[in-house]
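Summary of structural features
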Amino acid sequence: MSPTGNVSEVLIKTKASTSRILIGESIENLGNYVSGRAILLVDKNVQKLYKDFFKNYDRILIEPGENSKSLDGLKNIYGQLLEKGVDRSWFIIGVGGGVATDIAGFVASTYMRGLRFGFVSTTLLGQVDASIGGKNGINFEGYKNIIGVFRQPEFVICDTEFLKTLPGKELVNGFSEIIKYSLIADSELFDYLDSSYESILALEPSSTHRVIKRCVEIKADIVMRDEKESFERRKLNFGHTIGHAIEKLSGISHGMAVSIGMVAALRISRAVSGLKKEDEERAVSLLRKYGLPTDFSYGIDEIMGAIRKDKKKEVDSIYFVLLEELGKSVIRKMKFRDLKKVLDDLC
Ligand SMILES: NC(=O)c1ccc[n+]([C@@H]2O[C@H](COP(=O)([O-])OP(=O)(O)OC[C@H]3O[C@@H](n4cnc5c(N)ncnc54)[C@H](O)[C@@H]3O)[C@@H](O)[C@H]2O)c1
Ligand SMILES: [Zn+2]
């Protein structure tokens, strides 16, 4: 069906499929996007809060939290699919944040060699990032998203009404990625996030819609040029190399760790790719406006130790995303020893 008045549609066209991202669509219209029998894989917290919307569907509940993205978690879901007699004619719909949609995408891509699937994304991070782009993965032996597939959902409903019940710390995780998009690809978005932060933080509907739509457009554009992350898609990792290291070392949330990782990447950008001091300061001040931490006070050796274990590293180097200016990013291959030297000089 065509989306109604207030819905924005962004398409992700790849060789194998076209994925429809529907920003501002209501969960109440889910049935319009599904054909055949459908089963929902729903995050338990979302089920509790919104059960009336799901009552007409078969459901499997997903325990909230990263632990569900595991082989044990999958075993439980495959078992329930078999018990319920789900076959290749069914449609799978993941409902929840990144945990639920990652699991649903992986299950839908592997159970019986693949069923049709779509998502209803219910977190800010999910709507701007996790549900978009066709990466469906689970964790294994302490490595995040190390087992997975690339496969695009047929649709993603980003119903912004869900965000009203999202805990503040989950919103902050989303804002970290939103700021990332502005830094790597869109200085106008940066200016908007800067000038309108009060209405954006208050989830004022038109600002929320505008911001999510722009982030989805940026990610869609990158994914269409490089679905399998051979080069350009690496730009989405801005702040994530050091961010992941900090997340592992300190246990703080992903968004907060990425914020500090972005601060480090901004500093390195000044030293290596010509970012102006004034732009670095504006970016750090924007992160603070959204309640994100910006103090980089970690031991360089510890950080380097964690980076050397990064799953995206090569033998003695890593692709590092840097800014030339706000909204303009570049990918540089950096040797570990050069990265360490820059960090030593900066800290
Ligand atoms: N596939 C990708 O490209 C991609 C990209 C980024 C992140 N991810 C993955 O996404 C996951 C993180 O996703 P997330 O940040 O959405 O976290 P999440 O799915 O863990 O959800 C966060 C919390 O919010 C709750 N929740 C969800 N929707 C709610 C709502 N509307 N109201 C109240 N509570 C709600 C959940 O139960 C959970 O407790 C990670 O596993 C990460 O690896 C995947
Ligand atoms: Zn991230």
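Residues numbered from 1 in each chain as written. Chains lettered and ligands numbered in written order. Predicted model: local features only at pLDDT ≥ 70, side-chain atom pairs only at ≥ 80, totals over all residues.

1. Quick word on the overall build of the chain
- A count of helical and extended segments in the chain gives 13 helices and eleven strands.
- Considered along the principal axes of its C-alpha atoms, the chain spans approximately 60 × 40 × 35 Å.
- Counting all 347 residues of the chain, 44% fall into the buried class.
- Of the contacts made within the chain by residues no fewer than 6 positions apart, 68% connect residues no fewer than 24 positions apart. (Helix = DSSP H or I, 4+ residues; strand = E, 2+ residues; numbered from the N terminus. Buried ≥ 20, exposed ≤ 12 C-beta atoms within 10 Å, placed from the backbone. Contact = placed C-beta atoms within 7 Å.)

2. So, helix H2 (residues 71-83)
- Taking 1.5 Å of rise per residue, the 13 residues of H2 would be expected to cover 18 Å, and the 18 Å separating its terminal C-alpha atoms lies within 8% of that figure.
- Restricting attention to buried positions, one finds in H2 the residues Gly-73, Ile-77 and Leu-81. For H2, the arc enclosing every buried residue in end-on projection is 70°, short of the 170-degree limit, so these residues lie on one face. Residues of H2 that are exposed and angled more than 90 degrees away from the buried face: Leu-71, Asp-72, Lys-75, Gly-79, Leu-82 and Glu-83.
- A positive backbone phi angle near 75° is found at Gly-85, which sits one or two residues after H2. (Expected span 1.5 Å × (residues − 1). Arc of directions from axis to C-beta.)

3. Side note on the pairing of strand E1 (residues 8-13)
- When E1 meets strand E2 (residues 18-23), the two strands line up antiparallel, connected through six bridges. Each bridged residue has a counterpart across the sheet, and for Ile-12 the counterpart in E2 is Ser-19.
- Adjacent in sequence and paired antiparallel, E1 and E2 are bridged by four residues. (Pairing = 2+ DSSP bridges.)

4. Thoughts on the sheet that holds strand E9 (residues 155-158)
- Read across the sheet, seven strands follow the order E1-E2-E9-E6-E5-E3-E4 without closing on themselves; strand pairing throughout is mixed. The two strands at the open ends of the sheet, each matched to only one other strand, are E1 and strand E4 (58-62). Taking the axes of each pair of neighbouring strands and ignoring which way they run, one obtains an average angle of 20° across the sheet.
- For strand E3 (residues 38-43) and strand E5 (residues 91-96), the ladder comprises five bridges, and the chain directions are parallel. Paired with Val-42 across the two strands is Val-95, which belongs to E5.
- Each of E3, E4 and E5 is contacted by helix H1 (residues 44-54), which is oriented at about 140° to E3, the strand it contacts most. (Axes fitted to C-alpha atoms, helices over the stretch in contact; angles between N-to-C directions.)

5. Overview of the site of ligand 1
- Lining the immediate environment of ligand 1, one finds 28 residues, of which Asn-45, Pro-64, Gly-97, Gly-98 and Thr-123 sit closest.
- Where the shell around ligand 1 is concerned, the elements lending two or more residues are H1, helix H3 (98-110), helix H4 (124-130), strand E8 (143-150) and helix H5 (168-185).
- Residues of the shell around ligand 1, tallied by class, amount to nine nonpolar, eleven polar and eight charged. (Near = placed C-beta within 6 Å. Nonpolar A, V, L, I, M, F, W, Y, C, P; charged D, E, K, R; others polar.)

6. Let's talk about the domain arrangement of the chain
- When cut into domains, the chain gives domain 1 (8-165) and domain 2 (168-207 + 222-346).
- Averaged C-alpha coordinates put domain 1 and domain 2 at centres separated by 27 Å.
- Within the residue set of the side of domain 1 that touches domain 2, elements represented by two or more residues are E1, H4 and E8.
- Here the side of domain 1 that touches domain 2 gets four residues from one element, more than from any other, and that element is H4.
- Considered class by class, the residues forming the side of domain 1 that touches domain 2 number eight nonpolar, five polar and three charged. (Domains from an automatic or database assignment.)

7. Things to note about the environment of Glu-154
- The topology assignment puts Glu-154 in the loop between E8 and E9.
- For Glu-154, a count of 18 C-beta atoms within 10 Å translates into the label partly exposed.
- When the C-alpha positions of Glu-154 and Ile-12 are compared, they lie 9.6 Å apart, and in sequence the two are 142 residues distant.
- Glu-154 has contacts with Ser-19, Arg-20, Arg-116, Phe-117 and Gly-118, leaving out every residue within four places of it along the chain.

8. Quick word on the nonpolar core
- Judged by nonpolar contacts, the single largest core of 96 residues is most densely connected at Leu-41, Ile-92, Ile-103 and Ala-104.
- Sort the elements by how many residues they give to this core and helix H10 (residues 254-272) lands first, with ten residues.
- Residue-level mapping places this core at the junction of two domains, with at least three residues from each of domain 1 (8-165) and domain 2 (168-207 + 222-346).
- For Ala-104, the contacting residues outside a window of four places in its chain are Leu-41, Ile-92, Ile-93, Gly-94, Phe-117 and Phe-119. (Core = buried A, V, L, I, M, F, W, Y, C linked by C-beta atoms within 7 Å.)

9. Details of the packing of H10 against helix H11 (residues 277-289)
- One way to put it is that H10 packs onto H11 with a least axis distance of 10 Å and a crossing angle of 175°. In terms of orientation, H10 lies roughly antiparallel with respect to H11. Contacts between H10 and H11 involve Ser-259, Met-262, Val-263, Leu-266, Arg-267 and Arg-270 on the former and, on the latter, Lys-277, Glu-280, Ala-283, Val-284 and Leu-287.
- Looking at side-chain class alone, the contact of H10 with H11 contains six nonpolar, one polar and four charged residues. (Parallel < 35°, antiparallel > 145°, perpendicular 65-115°, else oblique.)

10. Some points on the environment of Thr-208
- Along the polypeptide, Thr-208 turns up in helix H8 (residues 205-225).
- Along the backbone, Thr-208 and Ser-195 are 13 residues apart, and their C-alpha atoms lie at a distance of 14 Å.
- Among residues more than four places away in sequence, those in contact with Thr-208 are Thr-160, Leu-163 and Leu-203.

11. Thoughts on the pairing of E3
- Judged by how many residues are buried, E3 sits mostly within the fold: six of six residues are covered.
- Here five bridges tie E3 to E4, and the two strands are oriented parallel to one another. For Leu-41, the partnering residue across the bridge sits in E4 and is Ile-60.

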